[in-house]
Amino acid sequence: MRRAGVKKRFLLIGDDNNEGATFCYYEKGSKVPHEPSFIFIHGFSSDKYAWLGVIKEIPYGFHCIAIDLPGHGESVGFNEEQLIAVNVFFDKLNLTEPIYLVGCSMGGSIAAMFATKYPSYVCMICLLAPVPPGEEYETELLSQLRSGVYHIVLPETLKQFYAAAKLLSMKKVHANRLLARIYLKSRLSMLDQHKKVLKSAFENDYPNLEQSYAELKNLACSVLIIWGRQDQLCSVDGANYFSNLIPDAKLIFFDDCGHLITTDKPTQTASIIIKFWETPSTYRTNLYN
Ligand SMILES: CCCCC/C=C\C/C=C\CCCCCCCC(=O)OC(CO)CO
């Protein structure tokens, strides 16, 4: 089946650290020589499916890939940390020309950190409401999450599911209880795995975020930051934190948009991503010519 023009693919990694580890991803189009591929990284407890609304709006002729991060979706069997796994994915797919990396929420944090750790792999990044660092930017919701109230992003009942949707998105999740129940059930099968990822992120990554982000000031690639004005999970003040930190970053705010930017504004997100790609950049010109 083809949805939004994408094909589902699997990539076996299977190195010494990850026997049988497999990435699952959506792909639309194929590699265009001397043009960056668009790579999409979803947020916590989400998966590649979250990008379909965006990818649908990206014209044929562009190469798009949306991956399932380790611990999410249909990617299975990983032991090593996310950044290293994602790096192996690019190597295995032969994405040797610098890419346009787009990440949402925790995926935005991963995209940002990836760009600092592997600068030669990226020529552009787009961060959709990445996780801001430390208590200064911590919203009430994020602090509850950190203290172990997981149902805000990991609902276990239908009631919690509707509450989560309301907190994270401006879209009315119409009371289609059947669809909600089916969706919730598929998520529940991943619950323990998601809890493990969240626990590890709060223990190992969150305390070091500010330090990890400090490297962003040295980025040579083009940086686009998008934030929803009604984001209740990742503070809108985070937008200023990142744009002050990153020289020449372009900052866009969406009105009537919560934390789930790809849910609330898929068409607008796609068109900003394309527009930014069209913006002349000496860095990219030098890379590809
Ligand atoms: C294992 C990975 C390591 C990398 C850790 C990097 C940075 C962040 C660290 C710790 C905070 C955890 C954040 C949790 C909140 C995320 C919000 C989020 O993603 O929202 C989703 C909806 O759930 C949107 O699609």
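For the structure itself, consult the block above.
Quick summary incoming for the structure in this document. (Residues numbered from 1 in each chain as written. Predicted model: local features only at pLDDT ≥ 70, side-chain atom pairs only at ≥ 80, totals over all residues. Heavy atoms only, no water.)

## A look at the overall build of the protein
What counts here: Every helix listed is a DSSP run of H or I at least four residues long, and every strand listed is a run of E at least two residues long, numbered separately from the N terminus. Between the two quantities, the radius of gyration covers C-alpha atoms and the globule rule is 2.2 Å times the number of residues to the power 0.38. Contacts are residue-level and defined by heavy atoms, with any inter-residue pair within 4.5 Å sufficient. Accessible areas in this description were obtained via Shrake-Rupley with a 1.4 Å probe; residue shielding takes into account the shown protein chains only.
Counting its secondary structure elements, the protein contains 12 helices and 8 strands. On C-alpha atoms alone, the protein measures out to a radius of gyration of 18 Å, which is about the 19 Å that the 2.2 N^0.38 rule sets for 289 residues. Dimensions of the protein, computed from the C-alpha atoms along their principal axes, are close to 55 × 40 × 35 Å. Residue pairs in contact within the protein that sit at least 24 positions apart in sequence constitute 73% of those at least 6 positions apart. Accessible area for the protein stands at about 13,700 Å²; split by element, carbon and sulfur atoms hold 51% of it.

## Observations regarding the environment of K195
This is how the line gets drawn: Between buried and exposed lies partly exposed: a residue is buried under 20% and exposed over 50% of the maximum accessible area for its type, with that area taken using a 1.4 Å probe on protein chains only.
If you trace the backbone, K195 turns up in helix α7 (residues 191-205). Residue K195 is classed as partly exposed on the basis of its relative accessible area, which comes to 27%. Measuring from C-alpha to C-alpha, the distance between K195 and D47 comes to 15 Å, with 148 residues separating the pair along the chain. Those residues in contact with K195 that sit more than four places away from it in its chain are Y150, L154 and E156.

## A short note on the environment of S120
Secondary-structure assignment places S120 in the loop between α3 (106-117) and β6 (122-128). A relative accessible area of 56% means that S120 is categorised as exposed. A sequence separation of 124 residues divides S120 from N244, and the C-alpha atoms of the two residues are 23 Å apart.

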